[in-house]
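Structure assessment
Here's the letter readout for the chains.
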Amino acid sequence: MNEMTAVTDTASEAKPAKATPTLPDAQTVTAVKHWTDRLFSFRVSRPASLRFRSGEFVMIGLMGDPDPKTGKQKPLLRAYSIASPSWDEELEFYSIKVQDGPLTSKLQHIKKGDQIILRPKPVGTLVHDALLPGKRIWFFATGTGFAPFASLLREPQTYEDYDEVIITHTCRTAGELTYGRELIESLKDDELLNEVIGEGFWKKIKYYPTTTREESAKMGRITDLINSGEAYKDLGVEPLNPESDRAMICGNLAFNLELKDMLEAAGLEEGANSKPAQYVVEKAFLD
Ligand SMILES: Cc1cc2nc3c(=O)[nH]c(=O)nc-3n(C[C@H](O)[C@H](O)[C@H](O)COP(=O)(O)OP(=O)(O)OC[C@H]3O[C@@H](n4cnc5c(N)ncnc54)[C@H](O)[C@@H]3O)c2cc1C
Ligand SMILES: NC(=O)c1ccc[n+]([C@@H]2O[C@H](COP(=O)([O-])OP(=O)(O)OC[C@H]3O[C@@H](n4cnc5c(N)ncnc54)[C@H](OP(=O)(O)O)[C@@H]3O)[C@@H](O)[C@H]2O)c1
């Protein structure tokens, strides 16, 4: 018996089995859900050493195509907001599908059990530390810019720091609102969050979804709805005020810039990790 074992061991030492290739910083996909032909969300395992603040982003991706000359493959990485809160055992992401996009043309095909690359270096400006204390926080999102707020809406500190949490989400079509709507609706029945944050914490949330290119309950860009006063009327809240209001913005560049101007005009100042103030902003994608 011992001899047999010894013989087998010697044989395997002489000819080691070929190792299964693994990606650098690989994490395993645990779930994938497609919301529209342009949007999907997925969950992956979380590196044991990864600590992040709700609202931050990381670089994720896949191996790129082999170089035609050398045959070598390089990681193809893009910035992604972590959509899950800092306490979650897994990581969630909410993604666009750009049909000719180098990464998402492939990423949209991932399945449970596949591996993705995740660089465990979280960064970002959409964090509570970058804001001074206030009474009411506004989360302003367009499209996949909802992702960091999916994290912050499940973060206990959001409800410890503020009496009111207003989340606005503007998309072209009603289907593009579904991920956000279902997530917000699910908070009511989330036993863990109701226990940890406090029963009925979700009553602090005022959700204001709008569409611009398809009929829905509320049509129009949030910027126009605020400028006309309609959003304040619908929400039953006072206009933006630097004493009580704090804001986080995440959307396309034009949206970010327009809202930034509106907040500055209302007297709010931009904050940063190193110098907290009244609002912070981050691009949902580069253009
Ligand atoms: C700080 C930061 C955080 C980000 N977080 C997310 C996130 O949580 N989810 C996400 O889907 N993307 C996010 N992005 C965008 C992401 O990094 C990639 O651009 C996206 O995954 C597309 O990659 P790609 O290689 O397929 O195409 P790219 O070559 O990167 O983009 C091709 C074109 O597609 C459009 N595009 C790219 N991303 C988006 C988008 N999210 N929504 C609408 N149009 C887009 C732009 O016009 C862009 O020029 C973030 C970007 C930044 C800078
Ligand atoms: N969503 C789609 O169905 C679709 C389909 C094919 C391709 N694309 C392409 O994908 C890219 C991103 O599309 P997307 O829909 O995810 O994002 P987007 O173009 O950034 O639009 C998202 C939402 O933000 C609104 N918005 C844009 N600029 C704004 C501003 N300055 N102030 C306030 N609101 C503003 C849009 O309203 P408006 O509608 O008024 O602009 C829309 O409701 C674009 O290049 C687009 O051409 C999108």
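Our structure's up above, just so we're on the same page.
The structure contained in this document is the topic of the report that follows. (Residues numbered from 1 in each chain as written. Chains lettered and ligands numbered in written order. Predicted model: local features only at pLDDT ≥ 70, side-chain atom pairs only at ≥ 80, totals over all residues. Heavy atoms only, no water.)

1. Concerning the pattern of salt bridges
Proximity of charged atoms lets side chains of opposite charge pair with each other. By the definition in use, this model includes 14 salt bridges. Note that arginine 53 and aspartate 129 form a salt bridge whose closest N and O atoms lie 2.7 Å from each other. Remark: aspartate 129 occurs in the loop between strand S6 (115-123) and strand S7 (136-142) and arginine 53 occurs in the loop between strand S2 (39-45) and strand S3 (57-63); sequence separation between them is 76 residues. Using a relative accessible area of 41% as the deciding quantity, one classes aspartate 129 as partly exposed. Between lysine 206 and glutamate 164 there is a salt bridge, with the nearest N and O atoms lying 2.8 Å from each other. (Salt bridge = Lys/Arg side-chain N within 4 Å of Asp/Glu carboxyl O. Helix = DSSP H or I, 4+ residues; strand = E, 2+ residues; numbered from the N terminus. Buried < 20%, exposed > 50% of the residue type's maximum accessible area, 1.4 Å probe, protein only.)

2. Focus: helix H5 (residues 178-187)
Here H5 has its buried residues at Tyr179, Gly180, Leu183, Ile184 and Leu187. Along the axis of H5, the buried residues cluster in a sector spanning 125°; they form a single face. (Arc of directions from axis to C-beta.)

3. With respect to the site of ligand 1
Around ligand 1 sit 20 residues, and of these Ala79, Tyr80, Thr104, Thr144 and Asp287 come closest. In the environment of ligand 1, an oxygen atom lies 2.8 Å from a nitrogen or oxygen atom belonging to the backbone of isoleucine 96. Between an oxygen atom of ligand 1 and a side-chain N or O atom of threonine 104, the distance comes to 2.6 Å. Expressed as a share of its isolated accessible area of 860 Å², the protein-covered part of ligand 1 is 81%. Mapped onto the shell around ligand 1, the elements with two or more residues apiece are strand S4 (75-81) and strand S5 (90-96). When residues of the shell around ligand 1 are assigned to their parent elements, the largest contribution, 4 residues, is made by S4. Counted by class, the shell around ligand 1 contains 12 nonpolar, 5 polar and 3 charged residues. (Near = heavy atom within 4 Å. Polar contact = N/O pair within 3.5 Å; in protein donor to acceptor, adjacent residues only side chain to side chain. Areas by Shrake-Rupley, 256 points an atom, 1.4 Å probe, with all protein chains shown as cover. Nonpolar A, V, L, I, M, F, W, Y, C, P; charged D, E, K, R; others polar.)

4. So, the pairing of S6
Sheet analysis places strand S1 (residues 26-34) next to S6, joined by 3 bridges and oriented antiparallel. Its bridge partner being in S6, threonine 28 is matched across the sheet by glutamine 115. As paired strands, S3 and S6 are joined by 4 bridges and run antiparallel to one another. Across the sheet, glycine 61 pairs through a bridge with isoleucine 117, a residue of S6. (Pairing = 2+ DSSP bridges.)

5. A closer look at the sheet that holds S5
With antiparallel pairing, 6 strands are arranged side by side in an open sheet as S4-S3-S6-S1-S2-S5. The two strands at the open ends of the sheet, each matched to only one other strand, are S4 and S5. Strand-to-strand twist in this sheet, taken as the mean axis angle between neighbours without regard to direction, amounts to 40°. (Axes fitted to C-alpha atoms, helices over the stretch in contact; angles between N-to-C directions.)

6. Side note on the side chain of serine 95
In this structure, serine 95 sits in strand S5. Residue class for serine 95 comes out buried when judged on its relative accessible area of 0%. Within polar-contact distance, the side chain of serine 95 engages the side chain of tyrosine 80 at 2.7 Å.

7. Section: a nonpolar patch on the surface
On the surface, Trp87, Leu192 and Val196 cluster together into a nonpolar patch covering about 290 Å² of accessible area. Looking at the element boundaries, valine 196 is found in helix H6 (residues 191-197). (Patch = residues over 30% accessible without salt bridge, like charges linked within 9 Å, V, L, I, M, F, W, Y side chains within 5 Å.)

8. Quick word on the pairing of strand S10 (residues 245-251)
Residues in a regular strand point their side chains to alternate faces of the sheet. Counting buried positions along S10 gives 7 out of 7 residues, so the element sits mostly inside the fold. The alternating pattern of S10 places Asp245, Ala247, Ile249 and Gly251 and Arg246, Met248 and Cys250 on opposite faces, both of which are buried. Bridge count between S7 and S10: 6 bridges; the pairing is parallel. Bridge pairing links isoleucine 137 to arginine 246 in S10. The sheet contact formed by S10 and strand S11 (residues 279-283) spans 5 bridges and is parallel. Note that in S11 the partner of isoleucine 249 across the bridge is valine 281.

9. A few points about the site of ligand 2
Taken together, 14 residues lie around ligand 2, and Arg38, Thr212, Arg213, Asn252 and Glu258 are the ones closest in. Between ligand 2 and glutamate 176, the relevant distance is 2.9 Å, taken from a nitrogen atom to a side-chain nitrogen or oxygen of the residue. The contact in question runs from an oxygen atom of ligand 2 to an N or O atom on the side chain of asparagine 252, over 2.7 Å. Starting from 860 Å² of accessible surface for ligand 2 in isolation, the protein chains cover 70%. Looking at the shell around ligand 2, the elements with two or more residues in it are strand S8 (164-171) and helix H9 (253-265). Partitioning the shell around ligand 2 into residue classes produces 3 nonpolar, 5 polar and 6 charged.

10. Describing the nonpolar core
Ranked by internal contacts, the top residues of the largest apolar core, which has 32 residues, are Phe139, Phe149, Leu153 and Met248. Every element with two or more residues in this core is listed here: S7, helix H3 (147-152), S8, H5, H6 and S10. Those residues in contact with leucine 153, other than ones at most four positions away along the chain, are Phe139, Phe146, Tyr159, Val165, Ile167, Ile184, Leu187, Phe201 and Ile205. Core analysis: the second largest hydrophobic core is formed by 21 residues, Trp138, Tyr232, Leu240 and Ala247 among them. (Core = buried A, V, L, I, M, F, W, Y, C linked by side-chain atoms within 4.5 Å. Contact = heavy atoms within 4.5 Å.)

These results come straight from atomic positions and should not be treated as a statement about function.
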